[in-house]
Amino acid sequence: MAGGAMAGGGDSFRALLRAANALLQQRRYHAALAVIKGFRNGAVYGAKIRAPHALVMTFLFKSGSLREKLKSIAQATYAHSRNLAYFVFTYKGLLAAQSRLQGKKIPFHSFLAACIGGWLVFGDNNPINSQIIMYLLSRILFGLSRLAVQKGYIPQPKQDPFPLVAALVWGTVLWLFEYHRETLQPSLQSSMTYLYDDSEVWHDLSDFLIYNKRTDSK
């Protein structure tokens, strides 16, 4: 009887699986299902991006016990994963709603849906959201520059402008760090302090080559 019950349970599971797969093939549910999968992908991608970054930055620059560091990593990973999942869900949901109401998809739908999602999900000014927004801003500036060239609003450069951009970016950020560092994002301040300030201080070979800072009181 036990074997028959297990076989019956297996049959039920297979039937449920077939029904679920059949549902996923229904075109009329595609928009709603895409919203759900978007939520899933946002959560997974956010965790994959944030976990290694938080791991490195926490163990490089943060003090505290191992428990506190692991908690900080988990919190940062959860926040990034949650926010990205919420945003994708909101964006795709609003996109589908607008398309359904107007009977077609137009470019403004993407802009409006993303604006609303950005306001609702990323509107809180915290370190995680700040890093994401700054990451996107740099990509937007490059993208708009390329678009302006494609549309003919600015002429095609005769030479690659990247060396000039690199020079201006590094010149500006180091000037800000040296004289107005409070205006920079905290994690960037920490990185630059490690690179440019900590390299000015040592006592012997141990904290000149092996360690960045002394760990004892000698």
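Residues numbered from 1 in each chain as written. Predicted model: local features only at pLDDT ≥ 70, side-chain atom pairs only at ≥ 80, totals over all residues. Heavy atoms only, no water.

Peer 1: How should I be thinking about the overall build of the protein chain in this particular structure?
Peer 2: A count of helices and strands for the protein chain gives eight helices and zero strands. Expressed as lengths along the three principal axes of its C-alpha atoms, the size of the protein chain is roughly 75 × 65 × 30 Å. Counting the 218 residues in the protein chain, one finds 19% classified as buried. Only carbon and sulfur atoms are counted for the fraction: they give 65% of the accessible area of the protein chain, which is about 16,600 Å². Taken together, the 25 basic and 12 acidic charged side chains of the protein chain have centroids lying 23 Å from each other. (Helix = DSSP H or I, 4+ residues; strand = E, 2+ residues; numbered from the N terminus. Buried < 20%, exposed > 50% of the residue type's maximum accessible area, 1.4 Å probe, protein only. Areas by Shrake-Rupley, 256 points an atom, 1.4 Å probe, with all protein chains shown as cover. Lys, Arg positive; Asp, Glu negative; His and termini not counted. Charge placed at Lys NZ, Arg CZ, Asp CG, Glu CD.)

Peer 1: Sorry, what's going on with the pattern of salt bridges here?
Peer 2: Oppositely charged side chains may form a pair once their charged atoms are brought near each other. Inspection of the entire model under this criterion finds two salt bridges. For the salt bridge of aspartate 11 with arginine 14, the shortest nitrogen-to-oxygen distance reads 2.4 Å. Residue aspartate 11 and its partner arginine 14 are located together in helix α1 (residues 2-24), separated by three residues, close to a single helical turn. The partner of arginine 181 in a salt bridge is aspartate 197, with the nearest N and O atoms 2.7 Å apart. (Salt bridge = Lys/Arg side-chain N within 4 Å of Asp/Glu carboxyl O.)

Peer 1: Mind showing me how you'd approach the packing of aromatic side chains here?
Peer 2: Ring pairs (aromatic) are described by centroid distance and by the angle formed between their planes. Taken as a whole, this structure holds seven aromatic pairs when the rule is applied. With 5.2 Å between their ring centres and 70 degrees between their planes, tryptophan 202 and phenylalanine 208 make a pair best called edge-to-face. Using a relative accessible area of 47% as the deciding quantity, one classes tryptophan 202 as partly exposed. With a relative accessible area of 48%, phenylalanine 208 lands in the partly exposed category. The structure contains a cluster of three or more aromatic residues connected by ring pairs, namely Phe39, Tyr86 and Phe89. If you follow arginine 181 out to its NZ or CZ, it ends over the ring of phenylalanine 177, 3.9 Å from the centre. (Phe/Tyr/Trp six-rings, centres within 6.5 Å; stacked < 30°, edge-to-face > 60°. Lys NZ or Arg CZ within 6 Å of the ring centre and 35° of its normal.)

Peer 1: Sorry, what's going on with helix α4 (residues 107-122) here?
Peer 2: The end-to-end C-alpha separation of α4 is 22 Å, in line with the 22 Å expected for 16 residues at 1.5 Å each. For α4, every residue scored as buried is listed here: His109, Ala113, Gly117, Val121 and Phe122. Each buried residue of α4 sits inside an arc of 130 degrees when the element is viewed along its axis, so together they form one side. Along α4, the residues that are exposed and aim more than 90 degrees away from the buried face are Pro107, Phe111 and Trp119. Contact partners of the buried residues in α4: α3 (66-102) and α5 (127-150). (Expected span 1.5 Å × (residues − 1). Arc of directions from axis to C-beta. Contact = heavy atoms within 4.5 Å.)

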